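Examining the three-dimensional arrangement
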Amino acid sequence: MADTLNSAQLAAVHHLGGPCLVLAGAGSGKTRVIVHKIARLLEAGYAPGQIAAITFTNKAAQEMRERAKALVGARAAASLVVSTFHALGVRLLRADGERIGLKPNFSILDANDVLGVLKDAGTTTDNAQARRWQWAISLWKNQGLSSDEAEAAAQGEDERSAARVMRRYEERLAAYQAVDLTT
Ligand SMILES: Nc1ncnc2c1ncn2[C@@H]1O[C@H](COP(=O)(O)OP(=O)(O)O)[C@@H](O)[C@H]1O
Ligand SMILES: [Mg+2]
C-alpha cells in the first residue's frame, strides 16, 4: 500500500485518532486517500458496517464503491456504507423512520412533486409563490425549526403565511407518507 501513496496521502490514511481534513485539487488523489483509509480502518479492526464513506453525487459514490471494492474485496465492500448524503439519509429513514411516524415504504418527492404539494397547501396555482414558500421553508428547516417554531419566529405577513403553508405542507407529507429531501 505504502508505495502507492505519497507522504501527504500516507499521513491522512494513517491518521486514525479523530477528524482529518484533506484539502486538495481535482485529480490529486483524494479518492485514493479515502479508499486506502477504508482499508486501513479494516486493518485496524473496524467492521465494514462501522465505516461510512459519504460524498455528494451518485457518480462519485459509485466510483468510490468500485475502487473500495477493488482494494478491500467484494466481501468487505458489501457491508461498507458508501453513498451520497441523500442515500444515507434515506437508508437511515427506511431503517428507523418509524420513530418519527414514517412507515418503511415512504416515498420521496422530487422537485416537481414538492411544488405541487406546496401549491396545494397554499391553495395557489402560482409557481413563483410556491418557490418563495419553498425558499422560506428551506431556511427554517436548515435552522432545525418545526412549523410551530417557524410560525413563532415569523416576521411580517409574508413570513407568517409561509409558516402556515409549512404547517399544512408537513401535514400533507405525513398523510402521504412522503419525505421532501430537496427543500
Ligand atoms: N500517490 C499516487 N501514486 C500514483 N497514482 C496516484 C496517486 N494518488 C492518486 N493517483 C492516481 O491519480 C488519479 C486521480 O486520483 P483520485 O484519487 O481519483 O483523485 P481525486 O479524488 O482527488 O480526484 C487516479 O488514477 C489515482 O489512481
Ligand atoms: Mg475523487
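Residues numbered from 1 in each chain as written. Chains lettered and ligands numbered in written order. Predicted model: local features only at pLDDT ≥ 70, side-chain atom pairs only at ≥ 80, totals over all residues. Heavy atoms only, no water.

The next point concerns helix α7 (residues 127-142). Taking 1.5 Å per residue as the helical rise, α7 with its 16 residues ought to reach 22 Å, and the 22 Å between its terminal C-alpha atoms agrees with that figure. Looking at the buried side of α7, the elements it contacts are α6 (111-121), α8 (147-153) and α9 (156-176). Between the side-chain oxygen at the start of α7 and the backbone nitrogen of A128 there is a gap of 3.0 Å, and the oxygen is on D126. (Helix = DSSP H or I, 4+ residues; strand = E, 2+ residues; numbered from the N terminus. Expected span 1.5 Å × (residues − 1). Contact = heavy atoms within 4.5 Å. Polar contact = N/O pair within 3.5 Å; in protein donor to acceptor, adjacent residues only side chain to side chain.)

In strand β1 (residues 52-55), alternate side chains face the same way, and those of A53 and T55 are buried while those of A52 and I54 on the opposite face are not. Pairing analysis gives four bridges linking β1 to strand β2 (residues 81-84), with the strands arranged parallel. Paired with I54 across the bridge in β2 is S83. (Buried < 20%, exposed > 50% of the residue type's maximum accessible area, 1.4 Å probe, protein only. Pairing = 2+ DSSP bridges.)

Bringing the environment of V82 into the picture now. Mapped onto the elements, V82 comes out in strand β2. Note: C-alpha distance between V82 and L109 (27 residues apart in sequence) is 23 Å. If we skip the residues at most four places from it in the chain, V82 touches A53, A61, M64 and R65.

Around ligand 1 there are 14 residues in total, and Q9, K30, T31, R32 and R67 lie nearest to it. Take Q9: an N or O atom from its side chain is 2.7 Å from a nitrogen atom of ligand 1. Coverage of ligand 1 by the protein chains reaches 60% of its 560 Å² of free accessible surface. Sort the elements by how many residues they give to the shell around ligand 1 and helix α2 (residues 30-43) lands first, with three residues. Of the residues assigned to the shell around ligand 1, the class counts are two nonpolar, eight polar and four charged. (Near = heavy atom within 4 Å. Areas by Shrake-Rupley, 256 points an atom, 1.4 Å probe, with all protein chains shown as cover. Nonpolar A, V, L, I, M, F, W, Y, C, P; charged D, E, K, R; others polar.)

If you walk through the whole model with that rule in mind, you get eight salt bridges. Between R167 and E151 there is a salt bridge; the shortest N-O distance is 2.3 Å. Note that R167 is positioned in helix α9 and E151 in helix α8, a separation of 16 residues in sequence. We note a salt bridge from E157 to R164, for which the minimum N-O separation is 2.9 Å. (Salt bridge = Lys/Arg side-chain N within 4 Å of Asp/Glu carboxyl O.)

In this structure, the largest pocket spans a volume of roughly 600 Å³. Taken together, 19 residues line the largest pocket, and the ones lying closest to its centre are K30, V33, I34, I54 and M64. For the lining of the largest pocket, the secondary-structure elements that each account for two or more residues are α2, β1 and α3 (58-72). For the lining of the largest pocket, the element with the most residues is α2, which contributes seven residues. When grouped by side-chain class, the residues that make up the lining of the largest pocket number 14 nonpolar, two polar and three charged. (1 Å grid on protein atoms, 1.4 Å probe; cavity = no way out; pocket = protein on both sides within 12 Å on 5 of 7 lines; lining within 4 Å. Points joined across faces, edges and corners; volume = space filled by probe spheres on them.)

At their nearest, the axes of α6 and α9 sit 9 Å apart, and the two run at 120° to each other. Considering their axes alone, α6 and α9 lie oblique with respect to each other. Crossing of α6 against α9: the hand is right-handed. Judged by residue contacts, V114, V117, L118, D120 and A121 of α6 engage V165, R168, Y169, R172 and Y176 from α9. Of the residues in the contact of α6 with α9, the class split is seven nonpolar, no polar and three charged. (Axes fitted to C-alpha atoms, helices over the stretch in contact; angles between N-to-C directions. Parallel < 35°, antiparallel > 145°, perpendicular 65-115°, else oblique. Left-handed = near helix turned anticlockwise from the far one by under 90°.)

Purely geometric stuff here, so don't read any function into it on its own.
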